[in-house]
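Reading the structure
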Amino acid sequence: MPAADLVLTGARVRTLDPDRPYASAVAVRDGRIAAVGEPDDVRDWRGPGTEVVDLGGGWLVPGLVDAHSHPVWGLDMATGLDLSGVTDLDGLRAALASAERTDGWVVGFGLDHNVFGGRPVDRALIEDVLAGAPAFLRLYDGHSALVTDAALKAAGVTGPRTFAQRSHLAVDAAGRLTGHLVEHAAMDLVTAVMPRPSHAERRARLVELLAAMAATGLTGAHVMDLGDPELVGAVAEETVLPLRLRFAPWCMPGADRDDLAELLARQELGGRHWRVGGVKFFMDGTVEGGTAWLEHPDCHGQGTEAFWPDPAAYSEAVRFLHRAGVRTATHAIGDAAVRHALDTVQSLGPDARLGHRIEHIESVPDDTVGRFAELGVIASMQPPHTGYTRADRSDEWSVRLGGDRAGRAWRLRDLRDAGAVVALGSDWPIAHYDARAVLATARAPRGAASARAGLTGLQALEGCTTHAALAAGEAAVAGRVAEGFRADLTVFGLDPVEAPADEVAQAPVRLTVTGGHVVYREG
């Protein structure tokens, strides 16, 4: 018998394998699980080069996966001044007045829509404290930003623009640009002229970020963008990526057959612990930005249009990729967006089951919930997003939607009870990447969703393991502690299923193993 590279003993193993739910020892060889069982079952796998780790009663589970994250593109999104702790306009102004400049710019991220107290997002509220400096402040949802007049001038923007996607430069009643850039195309006008970190700085930040993610128990992430293949590939050749990264490049409105062919060609990209697998679409934007596609207008009369001006063109692009065997993920927050995405998958026929997914799903009516299981559409949801809302529904998300729709916030448990696959993630940098917070808030949703039942402890764990594997089409090789499966493993100091949610949020992480490599070890 060949020797194992790694043997883990003294564990309490939740395998999530119905054939053997519990064990106490695991052997790993060549990046795969070679044996699962009791000490006697792994004894003969020990050799002179085997690393043996006694986990001292720690709880070993399949490696946690963030089913929706942006660890590479997010390096640019989460640049500069962290504004996530700012709660009101006075706090924002104080933070900007003392902010450091980068090549003369003030750059910030994580700005909560609730900071403006219901007022329109407008540069007039902040420009006087910036002394004429160009500024780019990304709102927490990642779909909008506030910029100053100096930033607009640096980008050569003097008036409204027309875009192929639903995107715009906001203006006030007098036609003045307010500096509120809504959706990607509008933001891109200014990000194109902003200071950008060097390749070396981005590489260092990526390595640091992935190590920090692994320290929370993460072994993988479904990356909902293309990222930077050259950067990731270079790092993967130089060292072991602590997380297994699966990228889904964007397909945006206006994509023609050449663009779709390019997306197909990108599916060949990959290396050790990373690959391109799938394509990401946007069917709408965000509730707070007024760009979620809703069946009825929000309180400002907004939200009645899709991100794709021609929704039928979106459906045809999905059909083209489906015929080519490519999995798709569609950002759909509003009820109309979710319904259209479901209708599109239904048009693909029965062979589309478990091949396509919808991201976010923040508020949907009863007649939509059961369709996820019926059609085999994966629900990919981010429980930490509930923290941007308030239990009394005085927050921007709830106010815009109104009482009935806010009452349907983040229907995690309803979808699970209806039989849907529910994969869980953080959407970093929109919310923190800590996998323990994802598990905890899935069980105890916050804000507008706090009155709803959360997932059970087991369901939450499945959302980051077996259901995440189903969402990636990898259920035959990932998501369980079973012989032949990938050796992606997470070890906690407590039981993530039975411990209270608040304790899970602070659970000690003893060990993280990705592809048989120990990528984090408790200090």
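To start, this report covers the structure provided alongside it. (Residues numbered from 1 in each chain as written. Predicted model: local features only at pLDDT ≥ 70, side-chain atom pairs only at ≥ 80, totals over all residues. Heavy atoms only, no water.)

**Brief notes about the overall build of the protein chain**
Selection criterion: Secondary structure is summarised from DSSP: a helix means a run of H or I of at least four residues, a strand means a run of E of at least two, and numbering begins at the N terminus for each. For the radius of gyration, the atom set is restricted to C-alpha positions; the globular benchmark scales as 2.2 Å times the number of residues to the power 0.38. The buried label goes to any residue with under 20% of its type's maximum accessible area, the exposed label to any with over 50%, and the partly exposed label to all in between, with areas taken from a 1.4 Å probe on protein chains only. Throughout, a residue-residue contact means that at least one pair of heavy atoms, one from each residue, lies within 4.5 Å.
Scanning the protein chain for helices and strands turns up 18 helices and 26 strands. Scaling as 2.2 N^0.38, a compact globule of 523 residues should have a C-alpha radius of gyration of about 24 Å, and the protein chain matches this with 23 Å. Expressed along its principal axes, the backbone C-alpha trace of the protein chain runs to roughly 80 × 50 × 50 Å. Put simply, the protein chain has 523 residues, and 60% of those count as buried. The contacts of the protein chain with a sequence gap of at least 6 include a subset with a gap of at least 24, amounting to 72%.

**A short note on the sheet that holds strand E5 (residues 32-37)**
As a reminder, the rule being used: Each pair of strands is called paired provided DSSP finds at least two bridges between the two strands. Angular values range over 0 to 180 degrees, each being the angle between N-to-C directions of two axes fitted as lines to C-alpha atoms, with helices fitted over their stretch in contact.
Reading across from one edge, E5-E4-E1-E6 is the order of the four strands in this open sheet, with mixed pairing throughout. Two strands lie at the open edges of the sheet, namely E5 and strand E6 (51-54), each paired on one side alone. Pairs of neighbouring strands in the sheet enclose a mean axial angle of 15 degrees, with direction left out of account. Where strand E1 (residues 6-9) meets E6, four bridges bridge the pair, whose relative direction is parallel. When the bridges of E6 are listed, Val7 appears paired with Val52.

**Overview of the packing of aromatic side chains**
Heads up, the rule is: Stacked, tilted and edge-to-face are the three classes applied to pairs of Phe, Tyr and Trp rings, where Trp contributes its six-membered ring and a pair requires centres within 6.5 Å; stacked means planes under 30 degrees apart, edge-to-face means over 60, and tilted covers the rest.
If you walk through the whole model with that rule in mind, you get ten aromatic pairs. Between Trp73 and Trp250, the ring centres sit 5.1 Å apart and the planes meet at 85 degrees, which makes this aromatic pair edge-to-face. Pair noted here: Trp73 is in helix H2 (residues 73-77) and Trp250 is in the loop between strand E16 (244-247) and helix H8 (257-266), with a separation of 177 residues, a long-range link. Residue Trp250 is classed as partly exposed on the basis of its relative accessible area of 23%. Ring geometry for Phe281 versus Tyr314: centroids 5.3 Å apart, planes at 90 degrees, classification edge-to-face. On the criterion of sequence distance, the pair formed by Phe281 in strand E19 (residues 279-282) and Tyr314 in helix H9 (residues 311-323) is long-range, its members being 33 residues apart. The rings of Trp73, Trp250, Phe282 and Phe307 are connected pair by pair, giving a single aromatic cluster.

**Focus: the sheet that holds E16**
In spatial order, the strands read E8-E15-E16-E18-E17; together these five strands make up an open sheet with mixed pairing. Both edges of this open sheet fall to strand E8 (64-69) and strand E17 (270-271), since each of them pairs with a single strand only. Sheet topology places E16 next to strand E18 (residues 274-276); three bridges connect them, and they run parallel. Looking across to E18, one finds that Leu245 is bridged to Trp274.

**Observations concerning the environment of Glu305**
Considering the arrangement of structural elements, one finds Glu305 in the loop between E19 and H9. According to the relative accessible area criterion, Glu305 is partly exposed, its value standing at 46%. Each C-alpha atom of the pair Glu305 and Glu498 lies 44 Å from the other, and the pair is 193 residues apart in sequence. Setting aside chain neighbours within four positions, we find Glu305 in contact with Arg166, Thr291 and Trp293.

**Details of helix H11 (residues 366-375)**
Looking at H11, one finds that the buried residues are Thr368, Val369, Arg371, Phe372, Ala373 and Leu375. On its buried face, H11 sits against helix H10 (335-346), strand E21 (356-360), strand E22 (378-381) and helix H14 (412-417).

**A closer look at helix H15 (residues 435-443)**
Here H15 lies mainly inside the structure; eight of its nine residues are buried. Buried within H15 we find Ala435, Arg436, Val438, Leu439, Ala440, Thr441, Ala442 and Arg443.

**Observations regarding the nonpolar core**
What counts is decided by this rule: As used here, the term nonpolar core means buried Ala, Val, Leu, Ile, Met, Phe, Trp, Tyr and Cys residues forming a set that is joined through side-chain atoms within 4.5 Å.
Within the largest apolar cluster, 94 residues are counted, with the highest numbers of intra-cluster contacts made by Leu64, Leu245, Phe281, Ile358 and Phe372. With six residues, the top contributor of residues to this core is H10. Among residues more than four places away in sequence, those in contact with Ile358 are Thr330, Ala332, Val338, Ala341, Leu342, Phe372, Val377, Ile378, Ala379 and Ser380.

**Here's the deal with the side chain of Gln382**
The test is simple: Whenever two N or O atoms come within 3.5 Å, that pair is a polar contact, provided that in protein one can donate a hydrogen and the other can accept it, and provided that, for residues adjacent in sequence, both atoms are side-chain atoms.
For Gln382, the position within the fold is in the loop between E22 and helix H12 (396-401). At a separation of 2.5 Å, a polar atom in the side chain of Gln382 contacts the side chain of His360. A distance of 3.4 Å separates a polar atom in the side chain of Gln382 from the backbone oxygen of Ser380. Not counting the four nearest positions on each side in its chain, Gln382 is found in contact with His68, Glu359, His360, Trp410, Gly425, Ser426 and Asp427.

**Quick notes on the pairing of E19**
Under the convention used in this document: Whether a crossover is right-handed depends on one test, that the path from the first strand over the helix to the second runs clockwise when the strands point away from the viewer.
Alternating positions in E19 separate into two faces, Val279 and Phe281 on one and Lys280 and Phe282 on the other, with burial throughout. Relative to strand E20 (residues 328-332), E19 is paired through four bridges, and the arrangement is parallel. Counted as the bridge partner of Phe282 is His331 from E20. This β-α-β element, E19 to H9 to E20, shows right-handed connectivity.

**Thoughts on the environment of Pro508**
Structurally, the position occupied by Pro508 is in the loop between helix H18 (501-504) and strand E25 (509-514). Assessed through its relative accessible area of 34%, Pro508 is described here as partly exposed. Sequence spacing of Pro508 and Leu96 is 412 residues, and the spatial spacing of their C-alpha atoms is 36 Å. With residues up to four places along the chain from it excluded, the contact list for Pro508 reads Val491, Phe492, Gly493, Leu494 and Glu522.

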